[in-house]
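# An overview of the molecular structure
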Amino acid sequence: MKIAQIAPLAERCPPRLYGGTERIVAYLTEELVRQGHDVTLFASGDSKTSARLVPCCDVALRLNPAVSDPLPYHMMMLEEVRRRADDFDVLHFHIDLLHYPMLASLADKVVTTLHGRLDLADLKPFYSMFWRYPLVSISNEQRRPMPPVNWAGTVYHGLPPDLLPFTAKPKGDYLAFLGRISPEKRPDRAIDIAARSGLPLKIAAKIDKADQAYWDEFISPLVANHRNVEFIGEINEHQKADFLGNARALLFPIDWPEPFGLVMIEAMACGTPTIAFRCGSVPEVIDDGVSGFVVRDIDEAVDAVRRVDSLDRARVRATFEDRFTVERMAREYVEIYRNLPSVRRAILRSAGLSAPGVSTSGQMDLSAVA
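Residues numbered from 1 in each chain as written. Predicted model: local features only at pLDDT ≥ 70, side-chain atom pairs only at ≥ 80, totals over all residues. Heavy atoms only, no water.

## Describing the overall build of the protein chain
Each helix and strand in the protein chain was counted, giving 12 helices and 13 strands. Burial statistics for the protein chain: of 370 residues in total, 54% are counted as buried. For the protein chain, the exposed surface amounts to about 16300 Å²; the carbon and sulfur share of it is 50%. Averaging the positions of the 44 positive and the 49 negative side-chain charges in the protein chain gives two centres separated by 2 Å. (Helix = DSSP H or I, 4+ residues; strand = E, 2+ residues; numbered from the N terminus. Buried < 20%, exposed > 50% of the residue type's maximum accessible area, 1.4 Å probe, protein only. Areas by Shrake-Rupley, 256 points an atom, 1.4 Å probe, with all protein chains shown as cover. Lys, Arg positive; Asp, Glu negative; His and termini not counted. Charge placed at Lys NZ, Arg CZ, Asp CG, Glu CD.)

## Considering the UniProt feature "domain: Glycosyltransferase subfamily 4-like N-terminal" (unreviewed entry) in the protein chain
Following the UniProt record, the feature "domain: Glycosyltransferase subfamily 4-like N-terminal" (unreviewed entry) maps to residues 18-132 here. Between the C-alpha atoms that bound residues 18-132 there is a distance of 33 Å. The span itself is 30% helix and 16% strand. (UniProt positions renumbered as here; feature names shortened; annotations may be inferred.)

## Quick look at the pattern of salt bridges
Applying the stated criterion to the full structure yields 29 salt bridges. For glutamate 79, the salt bridge is made with arginine 82, and the minimal N-O distance between the two is 2.6 Å. In this pair, glutamate 79 and arginine 82 are both assigned in helix α2 (residues 71-84), three residues apart and thus about one turn of the helix distant. Linking arginine 144 and glutamate 141 is a salt bridge whose minimum nitrogen-to-oxygen distance equals 2.8 Å. A single salt-bridge network, built from bridges that share partners, covers Arg23, Glu237, Lys240 and Glu266. (Salt bridge = Lys/Arg side-chain N within 4 Å of Asp/Glu carboxyl O.)

## Things to note about the sheet that holds strand β1 (residues 2-6)
The strand order across the open sheet built from seven strands is β3-β2-β1-β4-β5-β6-β7, with neighbouring strands paired in parallel fashion. On the outer flanks of this sheet lie β3 (52-55) and β7 (150-154), each paired with one strand and no other. The sheet shows a mean angle of 25° between the axes of neighbouring strands, taken without regard to direction. Where strand β4 (residues 90-93) meets strand β5 (residues 110-113), three bridges bridge the pair, whose relative direction is parallel. Opposite phenylalanine 93, over in β5, you have threonine 112 as the bridge partner. Where α2 meets the sheet, it contacts β1, β2 (38-43), β3 and β4, and its direction lies at approximately 155° from that of β2. (Pairing = 2+ DSSP bridges. Axes fitted to C-alpha atoms, helices over the stretch in contact; angles between N-to-C directions. Contact = heavy atoms within 4.5 Å.)

## A look at the packing of helix α1 (residues 21-34) against helix α11 (residues 326-338)
Where α1 contacts α11, the two axes come as close as 9 Å, and the packing angle between them is 80°. If you check the angle between α1 and α11, you find them roughly perpendicular. For the pair α1 and α11, contact is made by Ile24, Tyr27, Leu28, Glu31, Leu32 and Arg34 and by Val326, Glu327, Met329, Ala330, Tyr333, Val334 and Tyr337, respectively. Class assignment for the residues of the contact of α1 with α11 results in 10 nonpolar, no polar and three charged. (Parallel < 35°, antiparallel > 145°, perpendicular 65-115°, else oblique. Nonpolar A, V, L, I, M, F, W, Y, C, P; charged D, E, K, R; others polar.)

## Let's talk about the environment of arginine 227
Tracing the sequence through the fold places arginine 227 in the loop between α5 (212-225) and β10 (229-231). Take arginine 227: its relative accessible area is 90%, and that puts it in the exposed class. Separated by 26 residues in the primary sequence, arginine 227 and leucine 201 place their C-alpha atoms 9.4 Å from one another.

## Observations concerning the packing of helix α4 (residues 187-197) against helix α9 (residues 298-307)
Their axes nearest at 9 Å, the elements α4 and α9 cross at an angle of 50°. Taken together, the axes of α4 and α9 are oblique relative to one another. The crossing of α4 and α9 is right-handed. Taking contact as the criterion, the partners of Arg189, Asp192, Ile193, Arg196 and Ser197 in α4 are, on α9, Ile298, Asp299, Ala301, Val302, Val305 and Arg306. For the contact of α4 with α9, the class distribution of residues is five nonpolar, one polar and five charged. (Left-handed = near helix turned anticlockwise from the far one by under 90°.)

## With respect to the packing of aromatic side chains
Two aromatic rings are characterised by how far apart their centres lie and by the angle between their planes. What the rule picks out here adds up to 15 aromatic pairs. On the numbers, 5.0 Å between centres and 65° between planes, the contact of tyrosine 100 with phenylalanine 126 is edge-to-face. Of this pair, tyrosine 100 sits in the loop between β4 and β5 while phenylalanine 126 sits in helix α3 (residues 123-129), placing them 26 residues apart in sequence. Judged by centre distance (4.5 Å) and plane angle (40°), the ring pair of tryptophan 215 and phenylalanine 231 falls under tilted. Taken as a pair, tryptophan 215 in helix α5 and phenylalanine 231 in strand β10 lie far apart in primary sequence, 16 residues in all. For tryptophan 215, a relative accessible area of 11% corresponds to the buried category. Chaining the aromatic ring pairs together yields one cluster made of Tyr100, Phe126, Tyr127, Phe130 and Tyr133. When the ring centre of tyrosine 174 is taken as origin, the NZ or CZ atom of lysine 202, which lies over that ring, is 4.3 Å away. Geometry around phenylalanine 293 places arginine 307 over its ring, the cationic atom sitting 4.3 Å from the centre. (Phe/Tyr/Trp six-rings, centres within 6.5 Å; stacked < 30°, edge-to-face > 60°. Lys NZ or Arg CZ within 6 Å of the ring centre and 35° of its normal.)

In structure tokens form, the structure reads like this:
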């Protein structure tokens, strides 16, 4: 298939440092290329890919001090996608709702993965109006606040199996917090859990401009007042393998409806268990008592820290390999692509079944459009 992946422009694909959506788009793109598809990536110009790259800005917008408004760059990207739309069998968008005004003439070949939270009041009337367009969720829990829409499937994120190596015997004796400093991620809870557990805590996280005041007023003083807490800042992929792999456990003490939580499967790939609060997708991602512990409060989290060494790190890694590889993610997306109306018509034509209403169940090789 000829597939276009349309990524946000905040980070490059894959990001140098923090960035979930662009990271997943990069992994999916590379795996689709590996599987033999003709893939074009619309992304920032500093992206690294084996697909055909259409640069839609010079460098990732978040790291460009000259950029104050990302919207014009995304509008220019959408115009580039519109001009080239006839070149593709599938247009796969990862930019929330920015592309909806252009979908009327392209709907048969478009699918959109929603990567963010969907419980915001302003989204319900929007998706109620545009309910026909196919959507992909990244967890079943993510769907819960939405009005009736055209769900094409749920596809959990996946990572390349060799991206983060398994660490059977971690060298460190610390707890890890990895992600973003923000109220909903609750680094304050992580600090409390570590203090009550008597273990060091290492925090590797970015601080967005929107969260700078939260850091300055709440989290920075907590870090300063706890000798067992070390703030590292943002880290790259190479540093992430060491940071997660050598931790006793990852703390994921969130306080919001997390749509997926990529860091949980990154830790899983390293064999590192996750202690996560029961919010959003957590119960879907973590197999309680196998790849980590799902807890309801800080007391349960502290108890889980005491029990975390009872978990088999090899089973943690095996759970990742069974559930969260990029091969599985790409395979599930390809099945969704094949069910798009324009692709189904191409399948029918290639099989000599162009008449409307002909059933193709079990009668044809769907790889005909690969």
